[in-house]
Amino acid sequence: MKLFKYIIKRLLWGALVLLFVSFFSFLVIQLPPGDFLSSYIARLEKSGMAVDNQSMVALRHSYGLDQPFIVQYGKWFYRFVRGDMGVSFLYTKKVESVIVERLPATLLLSFTSLLVIYLVSIPVGIYSARRQYSIGDFLASLLGFMGMAIPGFLLALILMWIAYQGFGISIGGLQSPQFMDQPMSMAKAIDFMKHLPVPIIVITVAGTAALIRTMRATLLDELGKQYVTTARAKGLKESTLIHKYPVRAAMNPIISSGGWLLPELFSGETIAAIVLGLPTIGPLLYRALLGEDMYLAAGCIMILSILTIIGLLISDIVLAITDPRIRLG
């Protein structure tokens, strides 16, 4: 019952946060001068097609761009809470349809990357802390600093060059051009598996490196505490001591970081995703902002905001379950 009340309270606060996020994101999207229609008309005139004032007024009215900002926002938000995100100017179809088209690839990359980050960072961080100043610790620290220092898009370019020059494989996107419109087959699945490792590596390197450093630092802090010294003095087996108490306490920052990793992975490291040609949400949001497609951009931002709220709620609940010192109240 207490957990249920806590979740309801957090969801209500989350709804209030979404209200503010939606308003300010809608406002920021419209801050640059001009709008989608102005850019569209400019492109028509550049191609030699003249647009008279009457047509401009009619187009602006049909797109709803002749109304004040607060009216545009109110109508969009009213539709949004009813499950309608509006129509994308760039794609001339429902925003939710455009986003759903990119969901399978985005979800696959996101959750695979999240799994890889935790499976690699936690054991390496524990090993690095238990073997402090060893060769393995220095190697893990070196790789961690390199992972955080190298930009994702640069790593993507390097890996694409190595794959093409060394193995003759073009790894842009998630499918080779000849398989794009074909039904699923064994050859298409093998081609997909060939394209998958590089995006996973690019997306996970920075997050894995950061969590390795976090796990190492927090575990070292726990290992220096008095209760660990006392347990050792009583003869408790080292492996049991490490994993039963210090590792559980050191996991708290790792668990809490999940709330921020989820939306970050969902966007797929936008610049790296653009370099790799990945059909994820990040490049879609980038194109929407460049094209001044306010409904599509606002829809993407709201999806990321909802994921952040859900991720933080899940991480807080897991923290309360795994650490008895934390209470939902």
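1. Focus on the overall build of the protein
Each helix and strand counted, the protein has 16 helices and zero strands in total. Contacts spanning at least 24 positions in sequence make up 72% of the contacts within the protein whose residues lie at least 6 apart. Of the roughly 18300 Å² that the protein leaves accessible, carbon and sulfur atoms contribute 70%.

2. Observations concerning the pattern of salt bridges
Opposite charge on two side chains permits them to pair, given that their charged atoms come into close proximity. The full count for this structure, using the stated rule, is five salt bridges. Its salt-bridge partner being D316, residue R10 comes within 2.5 Å of it at the nearest N-O pair. Taken together, the residues R10 in helix α1 (residues 2–29) and D316 in helix α16 (residues 294–322) connect sequence positions 306 residues apart. On the accessibility criterion, R10 (22% relative accessible area) is partly exposed. Note on D316: relative accessible area 25%, which makes it partly exposed. A salt bridge links K93 to E101; its shortest N-O distance comes to 2.5 Å.

3. Some details on the packing of aromatic side chains
With the rule as written, the count across this model stands at 15 aromatic pairs. One aromatic cluster is present, formed by F23, F24, F26, F69, Y73, W76, F77, F80, F89 and Y295 through successive ring pairs. Stacked on the ring of Y295, the Lys or Arg R79 has its end atom at 5.7 Å from the ring centre.

4. Concerning unusual backbone geometry
Positive phi values are uncommon outside glycine, yet T92 reaches one of about 50°. Note on placement: T92 falls in the loop between α4 (69–81) and α5 (95–130).

5. Observations concerning the nonpolar core
Counting residues in hydrophobic clusters, the biggest one holds 28 residues, and the most contacted among them are F26, W76, I99, M294, Y295, L296 and C300. Among the elements that take part in this core, α16 stands out by supplying nine residues, more than any other. Once residues lying within four places of it in the same chain are set aside, the contact partners of M294 are F26, I29, Q30, L65, Q72 and F89. Within the second largest apolar cluster, 18 residues are counted, among which are I117, I126, L241 and I255.

6. What about the packing of α1 against α16?
In contact at an axis separation of 9 Å, α1 and α16 are set at 155° when each is read in the N-to-C sense. As summarised for this structure, α1 and α16 are arranged roughly antiparallel, according to the angle between their axes. In terms of crossing hand, the pair formed by α1 and α16 is right-handed. Residue composition of the contact of α1 with α16, by class: 20 nonpolar, four polar and two charged.

7. Description of helix α15 (residues 281–290)
Every buried residue of α15 is accounted for by I281, G282, P283, L284, L285 and A288. A positive backbone phi angle near 55° is found at E292, which sits one or two residues after α15.

8. Some words on the packing of α15 against α16
Packed helices, taken two at a time, are described by their axes: the angle between them and the distance between them. Across the interface, α15 lies against α16 with an axial gap of 8 Å and an inter-helix angle of 145°. Crossing hand, α15 versus α16: left-handed. Here I281, L284, L285, A288 and L289 of α15 come into contact with α16, specifically with L296, A297, C300, I301 and L304. Residue composition of the contact of α15 with α16, grouped by class: ten nonpolar, no polar and no charged.

9. Some points on the environment of T218
If you trace the backbone, T218 turns up in helix α9 (residues 197–223). The spatial distance from the C-alpha of T218 to the C-alpha of V247 is 8.8 Å, given a sequence separation of 29 residues. What T218 contacts, discounting residues up to four positions off in sequence, is A250 and P253. Of note is the side chain of T218, whose polar atom sits 2.8 Å from the backbone oxygen of T214.

What counts, and where the lines are drawn
- Residues numbered from 1 in each chain as written.
- Predicted model: local features only at pLDDT ≥ 70, side-chain atom pairs only at ≥ 80, totals over all residues.
- Heavy atoms only, no water.
- Helix = DSSP H or I, 4+ residues; strand = E, 2+ residues; numbered from the N terminus.
- Contact = heavy atoms within 4.5 Å.
- Areas by Shrake-Rupley, 256 points an atom, 1.4 Å probe, with all protein chains shown as cover.
- Salt bridge = Lys/Arg side-chain N within 4 Å of Asp/Glu carboxyl O.
- Buried < 20%, exposed > 50% of the residue type's maximum accessible area, 1.4 Å probe, protein only.
- Phe/Tyr/Trp six-rings, centres within 6.5 Å; stacked < 30°, edge-to-face > 60°.
- Lys NZ or Arg CZ within 6 Å of the ring centre and 35° of its normal.
- Core = buried A, V, L, I, M, F, W, Y, C linked by side-chain atoms within 4.5 Å.
- Axes fitted to C-alpha atoms, helices over the stretch in contact; angles between N-to-C directions.
- Parallel < 35°, antiparallel > 145°, perpendicular 65-115°, else oblique.
- Left-handed = near helix turned anticlockwise from the far one by under 90°.
- Nonpolar A, V, L, I, M, F, W, Y, C, P; charged D, E, K, R; others polar.
- Polar contact = N/O pair within 3.5 Å; in protein donor to acceptor, adjacent residues only side chain to side chain.

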